[in-house]
Amino acid sequence: MSIHDIKEYIESGVLEMYVIGSTNKEESAEVERMMNEYYAVRDEVHAISESVENYAMMHAKRPDPTVRAFLMATIDYTERLKKGEKPSSPPLLHEGSKAEDYSEWLGRSDMILPENFTDLHAKIIGYSREVTTAIVWINKMAPQEVHDRELEKFMILEGTCNITIDQDVYQLEPGDFLTIPLYKNHFVTVTSQIPCKIILQRIAA
């Protein structure tokens, strides 16, 4: 195969299709044969692969820390139950709730932050089809979200934060309670030097 033929093969688009997995069995075999025989083809495939990887990294979306935290918390809670922990029913949060109402869980040695804590960490302390209760630590912020199937309630235990609901900003400190209405955009911004530690409850609407 002449240099001109190799150049035409490289410019045909088949190498890009090979890298993204769009070639059929015969085309893939041909590309791999050409890579073995011609350095120019091999180098081009490597260059295309690197470009695709760089593009993917540049446009990758960081996983929502809230979703990740509660997924890990659910796995942790399931494992604890398998090891013999008895299901519990923490009291429902309301205007008169106090930290002492949750001392049974707050005083446990396993309800602490891990050393690798970065964004948000959660420990589920009660679960049913109607109510999920968790101890949550937020380092800097919890991203915007909207709930259409569950009411979300907060009670601040440590630190301070602002919870923005649509255009309204609520400045919260230890002991404060707040309910997030359905269908409202909201996000949390921590205003203290320490993570904001809260009791969070999600109640099926």
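Below or above, wherever it landed, is the structure these notes cover. (Residues numbered from 1 in each chain as written. Predicted model: local features only at pLDDT ≥ 70, side-chain atom pairs only at ≥ 80, totals over all residues. Heavy atoms only, no water.)

### A word on the nonpolar core
Counting residues in each nonpolar core, the largest one holds 24 residues, and the members touching the most others are Val-136, Ile-138, Cys-161, Ile-163 and Ile-198. For this core, the secondary structure elements donating two or more residues are helix H5 (65–82), strand S1 (120–127), strand S2 (131–138), strand S4 (150–158), strand S5 (161–165), strand S7 (177–180), strand S8 (186–190) and strand S9 (196–204). Here this core gets 4 residues from one element, more than from any other, and that element is H5. Among residues more than four places away in sequence, those in contact with Val-136 are Phe-70, Leu-120, His-121, Ala-122, Cys-196, Lys-197, Ile-198 and Leu-200. (Core = buried A, V, L, I, M, F, W, Y, C linked by side-chain atoms within 4.5 Å. Buried < 20%, exposed > 50% of the residue type's maximum accessible area, 1.4 Å probe, protein only. Helix = DSSP H or I, 4+ residues; strand = E, 2+ residues; numbered from the N terminus. Contact = heavy atoms within 4.5 Å.)

### Points about the sheet that holds S1
Sheet architecture is open: 5 strands sit in the order S1-S2-S9-S4-S7, paired in antiparallel fashion. In this open sheet, the two strands that pair with only one neighbour each are S1 and S7. Averaged over all pairs of adjacent strands, the angle between strand axes in this sheet comes to 20°, irrespective of strand direction. With 8 bridges connecting them, S2 and S9 associate as antiparallel partners. The residue bridging Thr-132 from the neighbouring strand is Arg-202, located in S9. The strands touched by H5 are S1, S2 and S9; relative to S1, the strand with the most contacts, the crossing angle is about 45°. (Pairing = 2+ DSSP bridges. Axes fitted to C-alpha atoms, helices over the stretch in contact; angles between N-to-C directions.)

### Quick notes on a nonpolar patch on the surface
Nonpolar side chains collect at one region of the surface, where Leu-71, Met-72 and Ile-75 lie side by side and expose about 280 Å² of accessible area between them. Exposure remark for Met-72: the relative accessible area of 42% places this residue in the partly exposed category. (Patch = residues over 30% accessible without salt bridge, like charges linked within 9 Å, V, L, I, M, F, W, Y side chains within 5 Å. Areas by Shrake-Rupley, 256 points an atom, 1.4 Å probe, with all protein chains shown as cover. Salt bridge = Lys/Arg side-chain N within 4 Å of Asp/Glu carboxyl O.)

### Section: the sheet that holds strand S6 (residues 168–172)
To summarise the sheet geometry, strands pair through backbone hydrogen bonds and adopt either a parallel or an antiparallel arrangement. Across the sheet, which stays open at both edges, the 4 strands sit in the order S3-S8-S5-S6 with antiparallel pairing between neighbours. Only two strands of the sheet have a single partner each, and these edge strands are strand S3 (141–145) and S6. In this sheet, adjacent strand axes meet at a mean angle of 15° when their direction is disregarded.

### As for the environment of Ile-163
Relative to the elements of secondary structure, Ile-163 occurs in strand S5. Since its relative accessible area comes to 0%, Ile-163 is described here as buried. Apart from the residues lying within four places of it in its own chain, the contact partners of Ile-163 are Phe-154, Asp-168, Val-169, Tyr-170, Leu-172, Leu-178, Ile-180, Phe-187 and Val-188.

### Concerning helix H3 (residues 25–37)
The end-to-end C-alpha distance of H3, which contains 13 residues, comes to 19 Å, matching closely the 18 Å that a straight helix rising 1.5 Å per residue would cover. When we look at burial in H3, the residues that qualify are Ser-28, Val-31, Met-34 and Met-35. End-on, the buried residues of H3 take up no more than an arc of 125°, which puts them together on one face. When the buried face of H3 is taken as reference, the exposed residues oriented beyond 90 degrees from it are Lys-25, Glu-26 and Asn-36. Measuring from the backbone nitrogen of Glu-26 back to the side-chain oxygen at the start of H3 gives 3.1 Å, which picks out Asn-24 as the cap. (Expected span 1.5 Å × (residues − 1). Arc of directions from axis to C-beta. Polar contact = N/O pair within 3.5 Å; in protein donor to acceptor, adjacent residues only side chain to side chain.)

### With respect to the packing of aromatic side chains
Within the structure shown, the criterion is met by 1 aromatic pair. Measuring from ring centre to ring centre gives 6.4 Å for Tyr-102 and Trp-105, while their planes differ by 45°; the resulting arrangement is tilted. Across this residue pair, the class does not change: Tyr-102 and Trp-105 are buried. We note Arg-202 situated over the ring of Phe-70; from NZ or CZ to the ring centre the distance is 4.5 Å. (Phe/Tyr/Trp six-rings, centres within 6.5 Å; stacked < 30°, edge-to-face > 60°. Lys NZ or Arg CZ within 6 Å of the ring centre and 35° of its normal.)

### Points about the pattern of salt bridges
When the charged atoms of two side chains with opposite charge come close together, those side chains can pair. One pass over the structure, following the stated rule, counts 13 salt bridges. A salt bridge links Asp-76 to Lys-123, with the shortest nitrogen-to-oxygen separation between them at 3.2 Å. Here Lys-123 lies in strand S1 and Asp-76 lies in helix H5, a separation of 47 residues in the sequence. What makes Asp-76 partly exposed here is its relative accessible area of 24%. One salt bridge connects Arg-202 with Glu-152, and the closest N-O pair in it is separated by 2.8 Å. One end of the pair, Arg-202, is in strand S9; the other, Glu-152, is in strand S4, with 50 residues separating them in the sequence. Take Arg-202 and Glu-152: they sit in the same class, and that class is buried.

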